[in-house]
Amino acid sequence: MQILLNSEKETLEKQSTISEFLLAKGLNPETIIVEYNGKILKKQEWSDIELQDQDQLEVLNFVGGG
Amino acid sequence: MENDKNRFEEALCNTFGADHLSKIQQVTIGIAGAGGLGSNCAVNLVRSGFQHFVIVDFDVIDYSNLNRQFYFYNQVGRPKVEALRENLLAINPDLHLEMSQQKIEEHNVDSIFQKCDIIIEAFDQARYKKMIVEHYINSDKFVVSASGIAGWSNSDDLKTHKIKDNLYIVGDLLSGVSKELPPCAPKVNIAAAKQSNIILNYVVTGG
């Protein structure tokens, strides 16, 4: 199965939820905004959604400093 | 309003022209955080003629802030919003400033910035940056954030990223603050100046 992560192709070995996928990518759930097929998802929704082939995921990660 | 410009505003009118200055003076800008980004954005925007601000920060000034924030040695220990009010009024004495010393959280962000047309994300911590950007990403407010501004290398990597029509992020998106990568005046100032310029351009040209 293949999805698009920030417009780059990404191959998934096994079925996974958005939560599982983000965790596997090493992303900190506290510092990211996730857009799934054009819609901003709340953090609570991440574990409810199984990624499907050709899904589009945009992840905006913030780092500290100001 | 048009007739009672102070002498700085008259000078600005000569620089910008009355039409541009009138647009600038109608906008209300919210600044979330009055640290390195927020205090320097405020200065840039006041110098650019903006008059109406809502500026919020819970913190007091520490000596460690003087390396990049728009405060002075004799202001250490005072609330940032109080000292910033004085410093901004020293540039233009006729500003309309709503300064508030409190912590911004998900539950109070809406009421704090309700009247603002534009919001500057000027927090230090990543999870607060995320919180406020996520809160306004689908709103009608214009939001300018910064992420990835630590250290001193490659200042040309501090780019303006247009994420959506109403959301811009300045920075390299990667360089978070750490022991090896402290926040320093030059890059923090560059980021704040770019955030301010995005707003000036947006207000003058309409996008």
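Structure: above.
Residues numbered from 1 in each chain as written. Chains lettered and ligands numbered in written order. Predicted model: local features only at pLDDT ≥ 70, side-chain atom pairs only at ≥ 80, totals over all residues. Heavy atoms only, no water.

Draft legend 1. Quick look at the interface of chain B and chain A. Contact residues are listed per partner, giving 27 residues for chain B and 14 residues for chain A. Carbon and sulfur atoms make up 63% of the area that chain B and chain A hide from each other, which totals about 1600 Å². For the chain B face of the interface with chain A, the top three residues by lost area are Ala126(B), Lys130(B) and Glu134(B), together amounting to 32%. Applying the counting criterion to the chain B and chain A interface returns zero salt bridges. Taken together, chain B and chain A are joined by eight residue pairs in polar contact (both at pLDDT 80 or more). Of all the elements in the fold, those that place two or more residues in the side of chain B that touches chain A are helix H3 (36-47), helix H6 (126-136) and strand E7 (167-171) of chain B. Per element, the largest residue contribution to the side of chain B that touches chain A is six residues, and it comes from H6(B). Considering only residue class, the side of chain B that touches chain A consists of 14 nonpolar, seven polar and six charged. (Contact = heavy atoms within 4.5 Å. Buried area = accessible area lost by both parts, 1.4 Å probe. Salt bridge = Lys/Arg side-chain N within 4 Å of Asp/Glu carboxyl O. Polar contact = N/O pair within 3.5 Å; in protein donor to acceptor, adjacent residues only side chain to side chain. Helix = DSSP H or I, 4+ residues; strand = E, 2+ residues; numbered from the N terminus. Nonpolar A, V, L, I, M, F, W, Y, C, P; charged D, E, K, R; others polar.)

Draft legend 2. Structural detail: the pattern of salt bridges. Inspection of every chain in the model, using the stated rule, returns nine salt bridges over all chains. Of the charged contacts, one joins Glu10(A) and Lys25(A) as a salt bridge, the two residues approaching to 2.6 Å between their closest N and O atoms. Of this pair, Glu10(A) sits in strand E2 (residues 8-11) while Lys25(A) sits in the loop between helix H1 (18-24) and strand E3 (32-36), and the two are 15 residues apart along the sequence. On the accessibility criterion, Glu10(A) (18% relative accessible area) is buried. Here the salt bridges share partners, and the residues they tie into one network are Arg78(B), Glu82(B) and Glu86(B). (Buried < 20%, exposed > 50% of the residue type's maximum accessible area, 1.4 Å probe, protein only.)

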